[in-house]
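Okay, here's what each chain looks like letter by letter:
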Amino acid sequence: QVQLVESGGGLVQAGGSLRLSCAASGIRFSISVMGWYRQAPGEQRELVAQISSLDSTNYADSVKGRFTISRDNAKNTVYLQMDSLKAEDAAVYYCYSKYNGMNYWGKGTLVTVSS
């Protein structure tokens, strides 16, 4: 059974930082593509950042230079370091995995940014 469990969301002031974590189980983490999506109220879910099994990364233009995705294969965990947070970053952040031709999602963690 695949499980992706996010943590680290919360309330932060604009300009502040948060680090999200996603612990994965039930997949061969080291060969999986991992990523983070987000969905704000009334908006579509959008890709924030993605990291390949070879540590190649890509980011949404809106977060480039502020967010950093990383992975720890020994801990089966992917991280999203979010700096210089803006009000428009507020959303539910979902962990994502592409493994063996299948897509998996976590339940999400809420990020609230106060201005």
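Draft legend 1. The overall build of the protein chain, seen in detail. When helices and strands are tallied, the protein chain shows zero helices and 11 strands. Across the protein chain, helices and strands are ordered from the amino to the carboxyl terminus as β-β-β-β-β-β-β-β-β-β-β. Whereas a compact globule of 115 residues would reach a radius of gyration of roughly 13 Å, the protein chain reaches 13 Å, a difference of no more than 12%. Along the first, second and third principal axes, the C-alpha set of the protein chain runs to 40 × 25 × 25 Å. Looking at the protein chain as a whole, 39% of its 115 residues are labelled buried. For the protein chain, the share of sequence-separated contacts (at least 6 apart) that also reach a separation of at least 24 residues comes to 53%. Of the roughly 6200 Å² of accessible surface on the protein chain, 45% is carried by carbon and sulfur atoms.

Draft legend 2. Spotlight on the nonpolar core. Grouped together as the largest cluster of nonpolar side chains are 27 residues, with contacts concentrated most on Trp36, Val78, Leu80, Met82 and Tyr93. For this core, the secondary-structure elements that each account for two or more residues are strand S3 (18-25), strand S4 (33-39), strand S5 (46-51), strand S7 (67-72), strand S8 (77-82), strand S9 (91-99) and strand S11 (109-114). In this view, Tyr93 contacts Glu6, Leu20, Trp36, Tyr37, Arg38, Val48, Phe67, Leu80, Met82, Gly108, Thr109 and Val111; residues no more than four positions away in its chain are not counted.

Draft legend 3. Spatial organisation of the pattern of salt bridges. Applying the stated criterion to the full structure yields four salt bridges. For Arg38, the salt bridge goes to Glu46, with nearest N and O atoms at 2.7 Å. When its relative accessible area of 6% is taken as the criterion, Arg38 is described as buried. Among the salt bridges present, the one from Asp89 reaches Arg66, with a minimum N-O distance of 2.7 Å. One end of the pair, Asp89, is in the loop between S8 and S9; the other, Arg66, is in the loop between strand S6 (57-59) and S7, and 23 residues separate them in sequence.

So, how was this worked out
Residues numbered from 1 in each chain as written. Predicted model: local features only at pLDDT ≥ 70, side-chain atom pairs only at ≥ 80, totals over all residues. Heavy atoms only, no water. Helix = DSSP H or I, 4+ residues; strand = E, 2+ residues; numbered from the N terminus. Rg over C-alpha atoms; globule rule 2.2 N^0.38 Å. Buried < 20%, exposed > 50% of the residue type's maximum accessible area, 1.4 Å probe, protein only. Contact = heavy atoms within 4.5 Å. Areas by Shrake-Rupley, 256 points an atom, 1.4 Å probe, with all protein chains shown as cover. Core = buried A, V, L, I, M, F, W, Y, C linked by side-chain atoms within 4.5 Å. Salt bridge = Lys/Arg side-chain N within 4 Å of Asp/Glu carboxyl O.

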